Amino acid sequence: MALPENFLSKSLARVQPSATIAVTQKARDLKAQGRDVIGLGAGEPDFDTPDNVKAAAIEAINRGETKYTAVDGIPELKEAIAAKFKRENGLDYSVDECFVAPGGKPIIYNAMMATLNPGDEVVIPTPYWVSYPDIVLLAGGEPKFAQTTIETSFKLTPDALEAAITPKTKWLIFNSPSNPSGAAYSRDELKKLTDVLMKHPHVWVLTDDMYEHLVYDDFEFVTPVQVEPGLEDRTLTMNGVSKAYAMTGWRIGYCAGPKELIGAMRKLQSQSTSNPTSISQWAAVEALNGTQDFIPKNAAVFKGRRDLVVSMLNQATGIECPTPEGAFYVYPSCRGLIGKKTEDGKVIDSDEAFATALLEQEGVAVVHGEAFGLSPFFRISYATSTEALEDACARIQRFCASLK
Ligand SMILES: Cc1ncc(COP(=O)(O)O)c(C=O)c1O
């Protein structure tokens, strides 16, 4: 039965369903029909959660840690978060400046819902993680896109940042290493951006550091407050266990920032999800406080896959694939193929047409760049087995060579 007219909210009408989830679903559906499909759309590590983390969760269940907790997280986890920021980032956050939510995404959602009013602008560099603009729209704000280019390795330049800021700007959402481009900012590159931000004291920074631990070739990760301590009283530093510890399903994200903002986010969370799952919180305590052996092992595997994918894609006709510093994504250009035709006469007139034809002809699912706000590109997630990646890249090479 159709819903009654005007039943759905106007704010929901402002947002799009996630394109990455849509591609993953399409690949799943084709597989279910018996097609041989390799899905390179999903943004989660293919590794299992480390055993010490699983054991901590099982112990928590057996101890009876199965009740409501404080809305913004158990003290043990907030202490582990403050210690992590000190140990890994040199940042001094007190426990009451730390906050836990059911995933990284709810941190962004809470921060935007707690602060945005109609007309408030949020600067989002493109290509962006698909959820940023939609969360801003849901919260009643206006996304303001700051374009990057392949020539600057998809990194925001100080001029582009300056040009995007207006008197209405409330936040900059900053993400390094980036989903979807994998680009990560060096200390020097970031300092040039924080210098711009220091000139605009009304602009707050939400830094999404989810991929902090996925950086390669001795790249040194830095976060804005580390580079410019003067930004501390207007920065929300966000992170989580999803990507670093292969814990996407556990739903734990965390952040630290000014107490008043944390208090506002706590108020919102108390009337929405309440506390994140108690058992997952105990698992996250072990992830942050326990052995960190998993991280370099994981990163070494990802680095090998990145190198394989970049090399094979650069051998494909019409594809240009930069080597990103981190995350588990590459963001190649398909500009060299725009205007060509498939064997059955379909014109490749956009990155979406490229991704659709690639899926239909060769069974490789990638996400088109338009979904991330920058065309003509596509995103490949290399968080899948090396054999599947080799096979997928060989199919992409064959597909590109077949275009006329
Ligand atoms: C850049 C970025 N931020 C945040 C998230 C959300 O993380 P979580 O699964 O913890 O909500 C993701 C997940 O894909 C991401 O890529």
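Residues numbered from 1 in each chain as written. Predicted model: local features only at pLDDT ≥ 70, side-chain atom pairs only at ≥ 80, totals over all residues. Heavy atoms only, no water.

1. Some words on the site of the ligand
Near the ligand there are 13 residues, and of these Gly104, Asp208, Tyr211, Ser242 and Lys243 occur at the shortest range. A total of 400 Å² of accessible area belongs to the ligand in isolation, and the protein chains cover 92% of it. (Near = heavy atom within 4 Å. Areas by Shrake-Rupley, 256 points an atom, 1.4 Å probe, with all protein chains shown as cover.)

2. Brief notes about the side chain of Ser381
Locating Ser381 in the fold gives a position in strand β12 (residues 378-381). When its relative accessible area of 2% is taken as the criterion, Ser381 is described as buried. Among the polar contacts made by the side chain of Ser381, one reaches the main-chain carbonyl oxygen of Ala42 at a distance of 2.7 Å. There is a polar contact of 3.4 Å between the side chain of Ser381 and the backbone nitrogen of Ala383. Excluding its chain neighbours within four sequence positions, the residues that come into contact with Ser381 are Leu40, Gly41, Ala42, Phe328, Tyr329 and Leu389. (Helix = DSSP H or I, 4+ residues; strand = E, 2+ residues; numbered from the N terminus. Buried < 20%, exposed > 50% of the residue type's maximum accessible area, 1.4 Å probe, protein only. Polar contact = N/O pair within 3.5 Å; in protein donor to acceptor, adjacent residues only side chain to side chain. Contact = heavy atoms within 4.5 Å.)

3. Considering the side chain of Asp351
Mapping Asp351 onto the fold places it in helix α13 (residues 351-362). With no salt bridge to any partner, buried Asp351 finds its closest opposite charge in Arg335, at an N-O distance of 8.9 Å. A distance of 3.4 Å separates a polar atom in the side chain of Asp351 from the backbone nitrogen of Gly369. Here the side chain of Asp351 touches Ser375 through a polar contact of 2.8 Å, side chain to side chain. (Lys, Arg positive; Asp, Glu negative; His and termini not counted. Salt bridge = Lys/Arg side-chain N within 4 Å of Asp/Glu carboxyl O.)

4. Points about the packing of helix α3 (residues 51-63) against helix α11 (residues 278-289)
One can describe the packing of α3 onto α11 by two numbers: an axis separation of 8 Å at closest approach and a directional angle of 140 degrees. Considering their axes alone, α3 and α11 lie oblique with respect to each other. For the element pair α3 and α11, the recorded crossing hand is right-handed. In this structure, α3 uses Asn52, Val53, Ala56, Ala57, Ala60, Ile61 and Arg63 to contact α11, whose residues at the interface are Ile279, Trp282, Ala283, Glu286 and Ala287. (Axes fitted to C-alpha atoms, helices over the stretch in contact; angles between N-to-C directions. Parallel < 35°, antiparallel > 145°, perpendicular 65-115°, else oblique. Left-handed = near helix turned anticlockwise from the far one by under 90°.)

5. Observations regarding a nonpolar patch on the surface
Where nonpolar side chains cluster on the molecular surface, the patch consists of Leu3, Phe7, Leu8 and Leu12 and spans about 430 Å² of accessible area. Structurally, Leu12 is set in helix α1 (residues 10-13). For Leu12, a relative accessible area of 44% puts it in the partly exposed group. (Patch = residues over 30% accessible without salt bridge, like charges linked within 9 Å, V, L, I, M, F, W, Y side chains within 5 Å.)

6. Observations concerning the pairing of strand β7 (residues 235-240)
Of all 6 residues making up β7, 6 are buried, and the element is well covered by its neighbours. Side chains Thr235, Thr237 and Asn239 project from β7 onto one buried face, and the interleaved Leu236, Met238 and Gly240 project onto a second face that is buried too. Pairing geometry for strand β6 (residues 204-208) and β7, over 4 bridges, is parallel. Counterpart to Asp208 in the pairing with β7 is Met238. In terms of strand pairing, β7 meets strand β8 (residues 253-256) through 4 bridges, oriented antiparallel. Within β8, the position partnered with Gly240 by the bridge is Gly253. (Pairing = 2+ DSSP bridges.)

7. With respect to the packing of aromatic side chains
Inspection of every chain in the model, using the stated rule, returns 18 aromatic pairs. Note on Phe302 and Tyr382: the rings are 6.2 Å apart at their centroids and 70 degrees apart in plane angle, and the pair reads as edge-to-face. Of the two residues, Phe302 sits in helix α12 (residues 294-314) while Tyr382 sits in the loop between β12 and α14 (386-402), which places them 80 residues apart along the sequence. Ring geometry for Phe354 and Phe399: centres 5.6 Å apart, planes at 65 degrees, overall edge-to-face. A residue pair is termed long-range when its members are at least 10 positions apart, and Phe354 in helix α13 and Phe399 in helix α14 qualify at 45 residues. An identical accessibility class is assigned to Phe354 and Phe399; each is buried. Taken together, Phe47, Tyr211, Phe302, Phe328, Tyr329 and Tyr382 form an aromatic cluster joined through their ring pairs. (Phe/Tyr/Trp six-rings, centres within 6.5 Å; stacked < 30°, edge-to-face > 60°.)

Taken by themselves, the reported measurements are silent on function.
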